[in-house]
Amino acid sequence: MTQFFQEKTQTALAQKFLPIVSGVTSRTGLAQQYNSLAEQVQQTGLVKLPADQQRVESHVTRKALDGLYYMIGEEEKKLRQNPLGAGSDVLRRVFGALK
């Protein structure tokens, strides 16, 4: 289920996350430093960085989504191990938040 969810949502979520990540990394100066260094490394031709590591914004966005899908997978495991108990816990949290 988590894999299906990831396949269907990853591109759209990455588009939503990227501007937020870009804002934070540019404010800290991290983006400029990393992206400059990565560009220099690429120009040497000695190292070929994967597409998601060529710019820090893409890398951080990818890792954030990896973490999100990992946590969803962990919740899915709990639901599969104890569907009734986990389901009622989820209901308690959802409806408890509405009070």
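Here the structure is a predicted model, which is why all the values come from computation and not from measurement. (Residues numbered from 1 in each chain as written. Predicted model: local features only at pLDDT ≥ 70, side-chain atom pairs only at ≥ 80, totals over all residues. Heavy atoms only, no water.)

(A) Molecular detail of the overall build of the chain. A count of helical and extended segments in the chain gives four helices and zero strands. Sequence-ordered secondary structure for the chain, helices as α and strands as β, is α-α-α-α. Residue burial in the chain is summarised as follows: out of 99 residues, 16% are buried. Long-range contacts, defined here as pairs at least 24 residues apart, represent 58% of the contacts in the chain between residues at least 6 apart. Approximately 7,600 Å² of the chain is accessible, and the part contributed by carbon and sulfur atoms is 61%. (Helix = DSSP H or I, 4+ residues; strand = E, 2+ residues; numbered from the N terminus. Buried < 20%, exposed > 50% of the residue type's maximum accessible area, 1.4 Å probe, protein only. Contact = heavy atoms within 4.5 Å. Areas by Shrake-Rupley, 256 points an atom, 1.4 Å probe, with all protein chains shown as cover.)

(B) Looking closely at the environment of Gln15. With respect to the helices and strands, the residue Gln15 is situated in helix α1 (residues 2-28). For the pair Gln15 and Thr61, spaced 46 residues apart in the sequence, the C-alpha separation amounts to 9.1 Å.

(C) The pattern of salt bridges, seen in detail. Going through the model one piece at a time under the given rule, you end up with five salt bridges. Taking the shortest distance from any N to any O, the salt bridge between Glu57 and Arg55 comes out at 3.6 Å. For Glu57, a relative accessible area of 10% translates into the label buried. Glu74 is the salt-bridge partner of Lys77, the closest N and O atoms lying 3.1 Å from each other. Highlighted residues: Lys77 and Glu74, both in helix α3 (residues 56-81), separated by three residues, approximately one helical turn. Overall, the relative accessible area of 48% leaves Lys77 in the partly exposed class. (Salt bridge = Lys/Arg side-chain N within 4 Å of Asp/Glu carboxyl O.)

(D) Just α1, in detail. In this model, α1 (27 residues) spans only 33 Å end to end at C-alpha, well below the 39 Å of a helix rising 1.5 Å per residue. At Thr9, α1 is bent by approximately 50°, the largest bend along its length. Among the residues of α1, those classed as buried are Thr2, Thr9, Val21 and Thr25. Summarising the contacts, the buried residues of α1 are in contact with α2 (30-44) and α3. (Expected span 1.5 Å × (residues − 1). Bend = angle between axes of the 7 residues up to and from the residue.)

(E) Structural detail: the packing of α1 against α3. Two numbers describe how α1 lies on α3: the axes approach to 8 Å, and their chain directions differ by 140°. Comparing their axes, α3 and α1 come out oblique. Classified by chirality, the crossing of α3 by α1 is right-handed. Along the lines of polarity and charge, the residues of the contact of α1 with α3 split into 13 nonpolar, nine polar and three charged. (Axes fitted to C-alpha atoms, helices over the stretch in contact; angles between N-to-C directions. Parallel < 35°, antiparallel > 145°, perpendicular 65-115°, else oblique. Left-handed = near helix turned anticlockwise from the far one by under 90°. Nonpolar A, V, L, I, M, F, W, Y, C, P; charged D, E, K, R; others polar.)

(F) The arrangement of the packing of aromatic side chains in detail. Within the structure shown, the criterion is met by one aromatic pair. Pairing Phe5 with Tyr69 gives two aromatic rings, centres 6.0 Å apart and planes at 70°, and the pair type is edge-to-face. Taken as a pair, Phe5 in helix α1 and Tyr69 in helix α3 lie far apart in primary sequence, 64 residues in all. Exposure remark for Phe5: the relative accessible area of 35% places this residue in the partly exposed category. (Phe/Tyr/Trp six-rings, centres within 6.5 Å; stacked < 30°, edge-to-face > 60°.)

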